Amino acid sequence: MNKLFLIASAILFGIGATYAFKNREQIGSQFGQTEKSATTTGQASLINLESINEAVDTYLPKRIIIADSGAHVFCSKHLYGYEESKNSAQVLAYLWTYCEEYFLKDEAVTMGQGVSFPIKIFLKIQNGKLVATSHEEPLDGEGYANSIRKMFPEGYAVEAIRGYDINKFKPS
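All residue numbers refer to position in the chain's written sequence, counted from 1. Per-residue local features are limited, in this predicted model, to residues with pLDDT of at least 70; the limit for side-chain atom pairs, both in listing and counting, is 80 or more; totals at the level of whole chains, interfaces and linings are taken over all residues. Hydrogens and water molecules were not included; the side-chain quantities draw on all heavy atoms of the structure.

### Considerations on the state of the cysteines
Count a disulfide wherever a pair of cysteine sulfur atoms falls within 2.5 Å. Overall, the coordinates contain one disulfide when judged by the stated rule. Each disulfide pairs two cysteine sulfurs, and for cysteine 75 the partner residue is cysteine 99, the sulfurs being separated by 2.1 Å. Given an S-S torsion of about 110°, the disulfide between cysteine 75 and cysteine 99 has right-handed geometry. Note that cysteine 75 is positioned in strand β1 (residues 72-84) and cysteine 99 in strand β2 (residues 91-105), a separation of 24 residues in sequence. Summary of the burial criterion: residues with accessible area below 20% of their type's maximum are buried, those above 50% are exposed, and those between are partly exposed, where the area comes from a 1.4 Å probe applied to protein chains only. By relative accessible area, which is 21% here, cysteine 75 ends up partly exposed. Numbering of helices and strands starts at the N terminus; helices are DSSP runs of H or I of at least 4 residues and strands are runs of E of at least 2.

Here is the structure:
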């Protein structure tokens with residue numbers, strides 16, 4: 001049973017990693033994102049589309065769904081864009097995220113919880129590397145649209161309020 005779980009986890013992780021690696025440039029250019037660097041020296045090379053994607057991809061599966069013991073979380077995302085603070089001490093990434101939890105039940109890979117929503121992620125440079133430190137999610141119900149307008153710049157907020165077709169994500 002443990003071998004099957006490990007094999008299934010490795011296969012799912014490999015497929016997701018391969019997709020992300022093969023499509024990293026296309027994903028950025030498809031949505032008008034180009035590599036953006038900080039204006040301050042020393043940190044300019046640390047803030048770019050690749051480092052933002054890496055930091056977000058590390059953060060999402062650990063912080064969006066708190067998985068049950070033995071379960072694994074896989075996430076996909078659509079990056080609307082990002083902004084750097086004037087002194088490049090912080091980066092704000094605006095995206096749509098879709099995460100699912102998987103676990104073994106009776107020797108079969110089974111889907112657990114899943115979420116899909118817009119999110120703002122806070123990133124900063126720590127020990128010479130860009131890392132995601134926290135995030136902000138929109139409110140549920142009546143406060144949903146207004147909370148997105150407060151979280152996101154106007155152009156990204158309009159897109160996020162419309163939602164994102166999760167069918168555009170390729171399975172990870």
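### A word on the pattern of salt bridges
Within this document, salt bridges are pairs made up of a side-chain nitrogen of Lys or Arg and a carboxyl oxygen of Asp or Glu, the two lying within 4 Å of each other. With the rule as written, the count across this model stands at three salt bridges. In this structure, the salt-bridge partner of lysine 129 is glutamate 54, at a minimum N-O distance of 3.5 Å. One end of the pair, lysine 129, is in strand β4 (residues 129-136); the other, glutamate 54, is in helix α2 (residues 49-63), with 75 residues separating them in the sequence. Residue class for lysine 129 comes out partly exposed when judged on its relative accessible area of 45%. In this structure, lysine 77 and aspartate 57 form a salt bridge, with 2.7 Å as the shortest nitrogen-oxygen distance.

### Some thoughts on the nonpolar core
The biggest cluster of nonpolar side chains holds 22 residues, and the ones touching the most others in it are Ala93, Leu95, Ile121 and Leu123. Of all elements in the fold, only α2, β1, β2, β3 (108-126) and β4 reach the threshold of two or more residues within this core. The leading source of residues in this core is α2, at six residues. Here, two residues are considered to be in contact whenever any of their heavy atoms come within 4.5 Å of each other. Residues within four places of alanine 93 in sequence aside, it is in contact with Ile52, Leu79, Gly81, Tyr82, Ile119, Lys120, Ile121 and Leu123. Only buried residues count toward a nonpolar core, which is a set of Ala, Val, Leu, Ile, Met, Phe, Trp, Tyr and Cys residues joined through side-chain atoms within 4.5 Å. Among the nonpolar cores identified, the runner-up in size contains 12 residues, and Tyr80, Leu92, Ala157 and Phe169 belong to it.

### Observations regarding the sheet that holds β4
One bridge is not enough; two strands pair if DSSP finds at least two bridges between them. Spatially, four strands are ordered β1-β2-β3-β4 in an open sheet, and the strand pairing comes out antiparallel. Among the strands making up the open sheet, the edge pair consists of β1 and β4. Adjacent strand axes in the sheet meet at a mean angle of 30°, parallel and antiparallel pairs treated alike. The sheet contact formed by β1 and β2 spans 12 bridges and is antiparallel. Residue pairing in the sheet places lysine 77 in a bridge with threonine 97 of β2. Note on geometry: axes are C-alpha line fits, over the in-contact stretch for helices, and angles between N-to-C directions span 0 to 180 degrees. Along the sheet, α2 contacts β1, β2, β3 and β4; its crossing angle with β4, the most-contacted strand, is approximately 50°.

### Thoughts on the side chain of glutamate 101
The topology assignment puts glutamate 101 in strand β2. No salt bridge is formed by the buried glutamate 101; its nearest oppositely charged neighbour, lysine 105, is found at 12 Å. We call two N or O atoms a polar contact when they sit within 3.5 Å, provided that within protein one can donate a hydrogen and the other can accept it, with sequence-adjacent residues counted only if both atoms are side-chain atoms. A polar contact is formed between the side chain of glutamate 101 and the backbone nitrogen of aspartate 68, at a distance of 2.9 Å. Those residues within four positions of glutamate 101 in sequence are excluded, and the remaining contacts are Ile65, Ala67, Asp68, Ala71, His72, Val73, Thr110, Met111, Gly112 and Gln113. Only four residue types enter the charge count: Lys and Arg as positive, Asp and Glu as negative, with His and the chain ends excluded.

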